[in-house]
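Read off the chains here:
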Amino acid sequence: QVQLVESGGGLVQAGGSMRLSCVASGRTFSTYAMGWFRQAPGKEREFVAAISVRGSSTYYGDSVKGRFTISRDNNKNTVYLQMNSLKPEDTAVYYCAAPDRKYYLGLTRNQYDYWGQGTQVTVST
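### A look at the pattern of salt bridges
- According to the stated counting rule, one finds 4 salt bridges in the structure shown.
- Between Arg 38 and Asp 90 there is a salt bridge whose closest N-O contact spans 2.8 Å. With Arg 38 in strand β4 (residues 34-39) and Asp 90 in the loop between β8 (78-83) and β9 (92-98), the pair connects residues that are 52 residues apart, well separated along the chain. A single burial state applies to Arg 38 and to Asp 90, both of which are buried.
- One salt bridge in this structure joins Arg 67 and Asp 90, with 2.7 Å as the shortest N-O distance. Here Arg 67 is found in the loop between β6 (58-60) and β7 (68-73), whereas its partner Asp 90 is found in the loop between β8 and β9, with 23 residues between them in sequence.

In C-alpha cells:
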C-alpha cells in the first residue's frame with residue numbers, strides 16, 4: 001500500500017520561503033516519478049511541479065516557474081518542494097502525488113494515482 005505523507009506547511013508572509021516535504025512508503029521510491037499539486041478554495045487542483053525518478057528532469061506549472069524548486073532524495077524516500085518569493089495567490093492545500101507506473105512522469109492530475117493528505121500553505125499580505 002503506497003502512502004504519502006506531507007509536512008512543512010503553515011503561515012508565511014508574502015515574499016517569504018517555505019519548504020514542503022513528502023515521505024513515501026510502500027514501494028521502491030526510486031523507480032517512480034513524483035509530483036506536487038495544489039488546490040485553492042473554489043478552484044480546481046492545479047499542477048505545480050514534477051520530477052523524474054533520478055531527479056534529472058523537472059517540470060513546473062507556469063505560475064510557479066522561477067520561484068519553486070522540486071527535488072528528491074531517494075535515500076530518504078522523500079520529495080521536496082522549495083517555495084521562494086511566495087505570493088498570496090500561492091495560498092492553497094498542497095498535495096504530494098505519485099503515479100502507479102514505474103518511470104512514468106505526468107503533468108496532469110489524472111496521471112497520478114496516489115495522493116497525500118495535503119498540507120495547508122497560507123501566504124499573508
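### Considering the side chain of Ser 52
- Locating Ser 52 in the fold gives a position in the loop between β5 (46-51) and β6.
- By relative accessible area, Ser 52 is classed as buried at 13%.
- Excluding its chain neighbours within four sequence positions, the residues that come into contact with Ser 52 are Ala 33, Ser 57, Arg 72 and Leu 105.

### Quick word on the environment of Val 123
- Its location among the elements puts Val 123 in strand β11 (residues 119-124).
- Looking at Val 123, the relative accessible area reads 6%, which means it is buried.
- Along the primary structure Val 123 and Asn 84 are separated by 39 residues, whereas in three dimensions their C-alpha atoms are 11 Å apart.
- Ignoring anything within four residues of it in the chain, the contact list for Val 123 reads Val 12, Gln 13, Ala 14, Leu 86, Lys 87, Pro 88, Asp 90 and Thr 91.

Rules behind the numbers
- Residues numbered from 1 in each chain as written.
- Predicted model: local features only at pLDDT ≥ 70, side-chain atom pairs only at ≥ 80, totals over all residues.
- Heavy atoms only, no water.
- Salt bridge = Lys/Arg side-chain N within 4 Å of Asp/Glu carboxyl O.
- Helix = DSSP H or I, 4+ residues; strand = E, 2+ residues; numbered from the N terminus.
- Buried < 20%, exposed > 50% of the residue type's maximum accessible area, 1.4 Å probe, protein only.
- Contact = heavy atoms within 4.5 Å.

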